[in-house]
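Understanding the architecture of this molecule
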Amino acid sequence: LAWPEGGEAAAAGGEASCKSHRLMVQGGLISPAAPGCYHYLPAAVRALEKLVRLVDGAMRAAGGQKLSMPCLSAAEAWRASGRWERMGAELFRLADRHGKGYCLAPTHEEAVTELLAAQSNLSYRQLPLRLYQVTRKFRDEPKPRLGLLRSREFHMKDMYTFDVSAEAARCSYELVCDAYGRLFQALGLRVVQVQADTGSIGGTVSHEFQLPAEIGEDRLALCPAGHFAANVETISMEQVACPTCGEPLTRTRGIEVGHTFYLGTKYSSVFNATFCTPDNKVQLAEMGCYGLGVTRILAAAVEVLSTEDSIRWPSLIAPYQVCFIPPKKGSKEEKGAALLERLYDDVAEAAPQLAGDLVLDDRTQLTIGKRLKDANRLGYPYVIVAGKKACDSPAMFEVWSQNAGEGTFLTREGVIDLLSKVRVS
């Protein structure tokens, strides 16, 4: 059973072997701060905020309510669940001045279950509850690598659901998994939902959302007809055919961008998270938890969509949508600069959804070629250049579609019509 080269081999080659890390550093999106920790520079923050808005929309559509829980989590709760010891060295642990133990939370099952348990007289009428947050998480990776794909500090969306029965909890589970599928479809990422191990979080059912990629650290077994998909941790190495259709399973690598768990009463029983049934009996809530690696999605998208020297974003989360490049100062085409600036204003008026997403590269001391190269590095979906044909009658502007990897010439009206149709998150 052979998998494509990548994974461990690429990791052994260091950060430079990872395309997304190299491109995001070169493009001025991130800057190393410490092993596994990064400064997110303004363009990366814009992409991150757009992605979070999409995630918020997907979670609200699934009945989610947003909250925020502390990153600092008390050791007592983790000891009660048994994970203080089980998580081992992955937990960043610390003590306050009074000697009280804490960890920097990599996930919040304990905290959210304690929160629910503290609500007295919770009624079945108040369930299901689907609570989520988007916060920084921490994991003491022994060897941080591959940029944002395997870091010590990262942004994650985590949702926790509370239901009245196992059947209702499974309905919540399917609802959130479907929401994940629609989110990745909107981003244009071909993510596969695979059977997975429950690991340290626990529960009885678990799925990973994997983006196939050579650099991926997870090994996947997929039915070519789509009947079966699993992380190989969950199957026998002797299993080489799809259990549904009998077709040979293909082997590939993937980047885990999401993970879901049906927890049952694993945590609600520890912290006594209960509700009152219609006949006034006290019953444990059935739980599920659902993670999305928000910053990992950014890096994974760059990894699979980009060329070796140009970032290509999912268009909905590109930091900026359009870059306008006027001619170099003193060149024969300089008179086209005024036409391009007027076009910039016209697009801003005709496409109000692009407000804040238009950039005029006024570094006219540089050549068009140099600025076009910088635009490719940052990954603008559209680049509008005023070159020689901008001086023609009618003026023609060169329009580069980064995701299509091709350019064309359009009139002012053609450019406005094209950009008016651009969607942003």
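Counting starts from 1 at the beginning of each chain's written sequence and moves along it residue by residue. Reporting of local features is limited, given that this is a predicted model, to residues whose pLDDT is at least 70; pairs of side-chain atoms are given and counted only at 80 or more, and all residues count toward the totals for whole chains, interfaces and linings. Note: side-chain values were computed over all heavy atoms of the structure, leaving out hydrogens and water.

Rules: UniProt positions are given in the numbering used here, feature names are shortened, and annotations may be inferred rather than shown by experiment.
Looking at an unreviewed UniProt entry, one finds the chain named Probable proline--tRNA ligase, mitochondrial, with Nothocercus julius as its source organism. A UniProt comment under Sequence similarities (unreviewed entry) is attached to the chain, and it reads "Belongs to the class-II aminoacyl-tRNA synthetase family." UniProt, in its Catalytic activity (unreviewed entry) section for the chain, records the words "tRNA(Pro) + L-proline + ATP = L-prolyl-tRNA(Pro) + AMP + diphosphate".

1. Observations regarding the sheet that holds strand S20 (residues 397-401)
Which entries qualify depends on this criterion: Pairing between strands requires that DSSP locate at least two bridges from one strand to the other. What counts as a helix is a DSSP run of H or I of at least four residues, what counts as a strand is a run of E of at least two, and both are numbered from the N terminus. Lines fitted to the C-alpha atoms define the axes, with helices restricted to the stretch that makes contact. Angles between their N-to-C directions range from 0 to 180 degrees.
Sheet architecture is open: five strands sit in the order S18-S17-S19-S20-S21, paired in mixed fashion. The open sheet is flanked by strand S18 (358-360) and strand S21 (406-410), the only strands paired with a single partner. Strand-to-strand twist in this sheet, taken as the mean axis angle between neighbours without regard to direction, amounts to 20°. In terms of strand pairing, S20 meets S21 through five bridges, oriented antiparallel. The residue of S21 that forms the bridge with Val399 is Thr408.

2. Digging into helix H11 (residues 368-378)
Operational definition: The rule is simple: take the accessible area with a 1.4 Å probe, protein chains only, and divide by the maximum for that residue type; under 20% is buried, over 50% is exposed, in between is partly exposed. Between two residues, a contact is recorded if the distance between any of their heavy atoms is within 4.5 Å.
Buried residues of H11: Arg371, Leu372, Asp374, Ala375, Asn376 and Leu378, and no others. Check the buried side of H11 and you find it contacts helix H3 (42-61), strand S17 (322-325), strand S19 (382-385) and S20. Directly beyond the C-terminal end of H11, a positive phi value near 90° is found at Gly379.

3. What about the pattern of salt bridges?
The condition is simple: Here, a salt bridge means any Lys or Arg side-chain nitrogen found within 4 Å of an Asp or Glu carboxyl oxygen.
Applying the stated criterion across every chain yields a total of 20 salt bridges. One salt bridge in this structure joins Arg46 and Asp357, with 3.7 Å as the shortest N-O distance. Of this pair, Arg46 sits in helix H3 while Asp357 sits in the loop between helix H10 (336-350) and S18; the two residues are 311 residues apart in sequence, bridging distant segments of the chain. Linked through salt bridges whose partners overlap, the residues forming this network are Glu141, Arg145, Arg150 and Glu217.

4. Describing the packing of aromatic side chains
How we decide: Note on aromatic pairs: the rings of Phe, Tyr and Trp (six-membered ring only in Trp) are paired at centre separations within 6.5 Å, and the planes decide the class, stacked below 30 degrees, edge-to-face beyond 60, tilted for the rest. Criterion for a charge above a ring: Arg CZ or Lys NZ at most 6 Å from the ring centre, at most 35 degrees from the ring normal.
Applying the stated rule across the entire model yields five aromatic pairs. Summarising the aromatic geometry, the rings of Tyr173 and Tyr290 are spaced 5.8 Å apart at their centres and angled 50° between planes, so their arrangement reads as tilted. Of this pair, Tyr173 sits in helix H7 (residues 166-187) while Tyr290 is found in strand S16 (residues 286-293), placing the two residues 117 residues apart along the sequence. Judged by its relative accessible area of 1%, Tyr290 is buried. With centroids separated by 5.2 Å and ring planes inclined at 70°, the aromatic side chains of Tyr180 and Phe209 adopt a geometry described as edge-to-face. Note that Tyr180 is positioned in helix H7 and Phe209 in strand S10 (residues 205-212), a separation of 29 residues in sequence. Just as Tyr180 is buried, Phe209 falls in that class too. Each member of the aromatic cluster is reached from another via a ring pair, and the members are Tyr180, Phe184 and Phe209. If you follow Arg93 out to its NZ or CZ, it ends over the ring of Trp84, 4.6 Å from the centre.

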